[in-house]
Amino acid sequence: MNHNFRTIVFRCLDLLPDNLGCKMHHQLQNLLENKVLYVRINRTENTYHEFVKICEAIKIDINQKSIIEIGSGWLPIFPYFLLYLGQVSAVFSFDLNKHYQKKRIANFNSIFSKNYNATIDPLPLSKYNLPAGVHYCPGVKIINSEIPDADIVVSRFVLEHVTPDDIFEMHQKLRNSLKKGTRIVHFISPSDHRAHGDKMLSLQDFLQYSKQQWDAIQTKFDYHNRLRLPQYLDIFKSLDLEVVHLTFDTVKEGTAQFDLFKKVNIHSDYNSYSTEELTAGSINIVLKL
């Protein structure tokens, strides 16, 4: 969807009463999800393989491990890869929203079974057609939840949509609830998501705005904290979390994206950061409690 049109739609939804706005947003997402389902499955599979590669690099075997997922999204795509390909014992998926729908998951079960030769047996009393091993925990902040015993915590492109204060409190909660040595794996996309659908927009376009200006543009439906890599690291280090793995890419000089970046009038709030720090993207980080 064109980012200007998308912004208008979200701002209109944001003006509606919360229940009605969220309901219409849900219906719109369902419509769009049907059109890009296979794309989402393929992208999630790529992230799963990257997750496995990272776990191998830090010498963690996920087989029969218990995993907490932060951010469930609209379908249990990542939990199924963990359960059926990774052979984990259980996935506890937490989300602020309640996006899962029984009928849509029944359809997804059929697609996943066929594509990955998996036998999916939803529990007879499952509210969402989920199999044993996938535990859906919607409508709650993990900060306020009882944390199940788990070996690994993982999030996929979630942290950029969480307020800095909540990121701090979330990791403080995990640190205080899970056993020492537990790993937390985050995949973070800190770029301006509006640029994903507009090749003429810099991945750092939103860094031109002050906090007040950006807050006037975004809504609760497309919130992005705009944190740069050093800011994430400062939050983690303030809680004495050890960074045991970190990779990211940057915009390279001589590329079209670099040219777009140089045209952005970066706001003074970001003057202390280098070009590498401002453009660091596709951040994969592993923390150790």
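Refer to the preceding data block for the structure.
None of the values given here were measured: they were computed from a predicted structure. (Residues numbered from 1 in each chain as written. Predicted model: local features only at pLDDT ≥ 70, side-chain atom pairs only at ≥ 80, totals over all residues. Heavy atoms only, no water.)

1. Some thoughts on helix α5 (residues 164-177)
Defined as follows: Secondary structure follows DSSP: runs of H or I at least 4 residues long count as helices, runs of E at least 2 residues long count as strands, and numbering of each begins at the N terminus. By definition here, a helix of n residues has an expected span of 1.5 Å times n minus one. Here the term buried applies to any residue with accessible area under 20% of the maximum for its type, exposed to any over 50%, and partly exposed to those in between, with areas from a 1.4 Å probe on protein chains only. Arc definition: it is the arc formed by the directions from the helix axis to the C-beta atoms. What makes two residues a contact is simply this: any of their non-hydrogen atoms within 4.5 Å.
Taking 1.5 Å of rise per residue, 14 residues should cover 20 Å, and α5 covers 20 Å from first to last C-alpha, within 8% of that figure. By the burial criterion, the buried members of α5 are Asp166, Ile167, Met170, His171 and Leu174. Taken down its axis, α5 places every buried residue within 130° of arc, on the same side. In this structure, α5 carries Asp165 and Asn176 as exposed residues pointing more than 90 degrees from its buried face. Contact partners of the buried residues in α5: β1 (66-70), β4 (152-156), β5 (183-188), α7 (229-238) and β7 (281-288).

2. Some details on the packing of aromatic side chains
Definition in use: Working definition: a ring pair exists when centres of Phe, Tyr or Trp rings (six-membered ring for Trp) sit within 6.5 Å. Plane angles under 30 degrees give stacked, over 60 give edge-to-face, the rest tilted.
By the definition in use, this model includes 18 aromatic pairs. Relative to tyrosine 136, the ring of tyrosine 100 has its centre 3.7 Å away and its plane inclined at 15°; by these criteria the two rings are stacked. Separated by 36 residues along the polypeptide, tyrosine 100 in the loop between β2 (90-95) and α4 (102-116) and tyrosine 136 in strand β3 (residues 134-138) bring together distant segments of the chain. Look at tyrosine 136 and you get buried, because its relative accessible area is 12%.

3. Regarding the side chain of glutamate 160
Basically, it comes down to this: Only four residue types enter the charge count: Lys and Arg as positive, Asp and Glu as negative, with His and the chain ends excluded. Here, a salt bridge means any Lys or Arg side-chain nitrogen found within 4 Å of an Asp or Glu carboxyl oxygen.
Position of glutamate 160 relative to the elements: it lies in the loop between β4 and α5. Although glutamate 160 is buried, it makes no salt bridge; arginine 228 carries the closest opposite charge, 9.3 Å away. In contact with glutamate 160, not counting residues within four places along its chain, are Phe187, Ile188, Ser189, His193, Tyr223, His224, Asn225 and Tyr232.

4. Focus on the nonpolar core
We count it as follows: Put simply, buried Ala, Val, Leu, Ile, Met, Phe, Trp, Tyr and Cys residues joined by side-chain atoms within 4.5 Å make one nonpolar core.
Residues Phe51, Tyr80, Leu82, Phe112 and Leu130 are the most contacted members of the largest nonpolar core, which totals 36 residues. Elements with a minimum of two residues in this core: α2 (18-57), α3 (77-85), α4, β3, β4 and β5. Here the element with the most residues in this core is α3; it accounts for seven residues. Look past the residues within four positions of phenylalanine 51 in its chain and what remains in contact with it is Ile62, Ile67, Phe78, Leu82, Ile152, Val154, Val185 and Phe187.

5. What to know about the sheet that holds β2
Note the following rule: DSSP calls a pair of strands paired once it identifies at least 2 bridges connecting them. Orientation is described by lines fitted to C-alpha atoms, with helices fitted over the stretch in contact, and by angles between N-to-C directions that extend from 0 to 180 degrees.
As summarised here, the arrangement of the seven strands in space is β3-β2-β1-β4-β5-β7-β6, forming an open sheet in which the pairing is mixed. At either margin of the open sheet sits one strand with a lone partner, and together these are β3 and β6 (242-249). In this sheet, neighbouring strand axes are inclined to one another by 15° on average, regardless of whether the strands run parallel or antiparallel. One ladder, built from five bridges, connects β2 with β3; its direction is parallel. Paired with aspartate 95 across the strands is proline 138, a residue of β3. Its contacts with the sheet put α5 on β1, β4, β5 and β7, and the angle it makes with β5 is roughly 160°.

6. Observations regarding the environment of histidine 171
In plain terms, the rule: Counted as a polar contact is a pair of N or O atoms within 3.5 Å, where, for protein atoms, one must be capable of donating a hydrogen and the other of accepting one, and residues adjacent in sequence contribute only when both atoms are in side chains.
Checked against the element boundaries, histidine 171 lands in helix α5. For histidine 171, a relative accessible area of 0% corresponds to the buried category. Separated by 28 residues in the primary sequence, histidine 171 and isoleucine 143 place their C-alpha atoms 8.5 Å from one another. What histidine 171 contacts, discounting residues up to four positions off in sequence, is Leu159, Ile184, His186, Phe236, Leu239, Leu241 and Leu287. For histidine 171, the side chain forms a polar contact with the side chain of histidine 186, separated by 2.8 Å.

7. Concerning the pattern of salt bridges
Tallied over the entire structure, the rule returns seven salt bridges. One salt bridge connects glutamate 50 with lysine 53, and the closest N-O pair in it is separated by 3.8 Å. Of this pair, glutamate 50 and lysine 53 both sit in helix α2, three residues apart, roughly one helical turn. Classification of glutamate 50 as partly exposed rests on a relative accessible area of 26%. When the shortest N-O distance is used, the salt bridge between arginine 194 and aspartate 192 registers 2.7 Å.

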